[in-house]
Amino acid sequence: MTIRKSSPSSAPTGGAGIVIERSSGILSFTLDNSGHGNEVTGAMFDVMLSELRKEALEPLARVLRFRARGNVFCTGRERAASTGPAIRREAARILKFKAALRSTPLISIAEVQGNAFGFGFGLAILCDFPLVAEHVSLGFPEMRHGLAPAAIMAYLGEYTLPRFAFPLVLFGEPIGPHRALQIGLISQVVPAERLSAEADALTTRILQLDPAAVRRCKSLFLAAQQSSFDKNCRLAVDALTKGTLALLARKEVKTL
């Protein structure tokens, strides 16, 4: 599959179940494997992970949008490995992708237009703004097949209380988007016909903010979740100093 190089605006490139598009500060990943429930394959993981790593080294976009074609958002991920070493590599790739998504300097938006199960639901949760159509079902069905959903348990407790998280993974029963919103797993429940418009409006709001300040804000927010109060206070002093100096420098430029 050929991936376009960054440009102000270019047509989407398709292949291997994923469409990559860059346009006016927006990087879009569109799942295009609807014949298999938009299941994410190894090739799809590799393509998306490559793009996220590029952005980590040299951010060219400012917003990351996840979409999907078809009636479902994503019903899971491919399980192609059958030996111990291969299964380990497959699992490690999933966690590498999730770590890259969580730490990307881009502000991420998931447009969940259809059902999202397993990896699909976990992907939406990891995005900064999961927007979910009001008719969909969400869940982690792995335990119904005798497999503990370890990948989602690595971070689910950071997004909702343990009393809410544990029944989700233990019983694997689907929940509606209003319940997901109530327990803090998604940002917004949207009528299906308004989903794209709401994501567009959110994207516009993000792009109106100062790019460097947005990246600092996200970086500090993620760091604060992992650190102690004392360390966060030290980080805040450093960030406020650097941020204020940058603000003063911009004001000086404007007055010249």
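Our structure is the block above this text.
What you are looking at is a predicted structure, and each value in this text was computed from that prediction instead of being measured. (Residues numbered from 1 in each chain as written. Predicted model: local features only at pLDDT ≥ 70, side-chain atom pairs only at ≥ 80, totals over all residues. Heavy atoms only, no water.)

Novice: So what exactly am I meant to see when it comes to the environment of leucine 101 here?
Specialist: Among the secondary structure elements, leucine 101 is positioned in helix α2 (residues 84-103). For the pair leucine 101 and alanine 56, spaced 45 residues apart in sequence, the C-alpha separation works out to 9.9 Å. The residues touching leucine 101, leaving out its near neighbours within four places in the chain, are Leu52, Leu64, Phe66, Ser108, Leu123, Leu126, Cys127 and Lys218. (Helix = DSSP H or I, 4+ residues; strand = E, 2+ residues; numbered from the N terminus. Contact = heavy atoms within 4.5 Å.)

Novice: Any chance you could explain the sheet that holds strand β2 (residues 26-31) here in plain terms?
Specialist: Strand order in this open sheet of 6 strands is β1-β2-β3-β5-β7-β9, and the pairing throughout is mixed. The two strands at the open ends of the sheet, each matched to only one other strand, are β1 (18-23) and β9 (188-190). Each strand axis lies, on average, 20 degrees off the axis of its neighbour in the sheet, ignoring direction. Direction of pairing for strand β7 (residues 129-133) relative to β9: parallel, over a ladder of 3 bridges. Directly across from leucine 131, in β9, lies its bridge partner glutamine 188. Seen against the sheet, helix α7 (residues 195-207) touches β2, β3 (63-68), β5 (107-112), β7 and β9 and runs at an angle of roughly 175 degrees to β5. (Pairing = 2+ DSSP bridges. Axes fitted to C-alpha atoms, helices over the stretch in contact; angles between N-to-C directions.)

Novice: Would you explain the pattern of salt bridges in this entry?
Specialist: A pair can form between side chains of opposite charge whenever their charged atoms are brought close. Under the criterion given, the structure shown has 12 salt bridges. Note that glutamate 158 is salt-bridged to arginine 102, the shortest N-O span being 2.7 Å. Residue glutamate 158 is located in the loop between α4 (150-153) and α5 (162-171), and its partner arginine 102 is located in helix α2; the two are separated by 56 residues in the primary sequence. Judged by relative accessible area, which is 38%, glutamate 158 ranks as partly exposed. Counted as one network, the salt bridges with shared partners bring together Arg22, Glu51, Lys54 and Glu55. (Salt bridge = Lys/Arg side-chain N within 4 Å of Asp/Glu carboxyl O. Buried < 20%, exposed > 50% of the residue type's maximum accessible area, 1.4 Å probe, protein only.)

Read these as layout, nothing more, since geometry by itself doesn't imply function.
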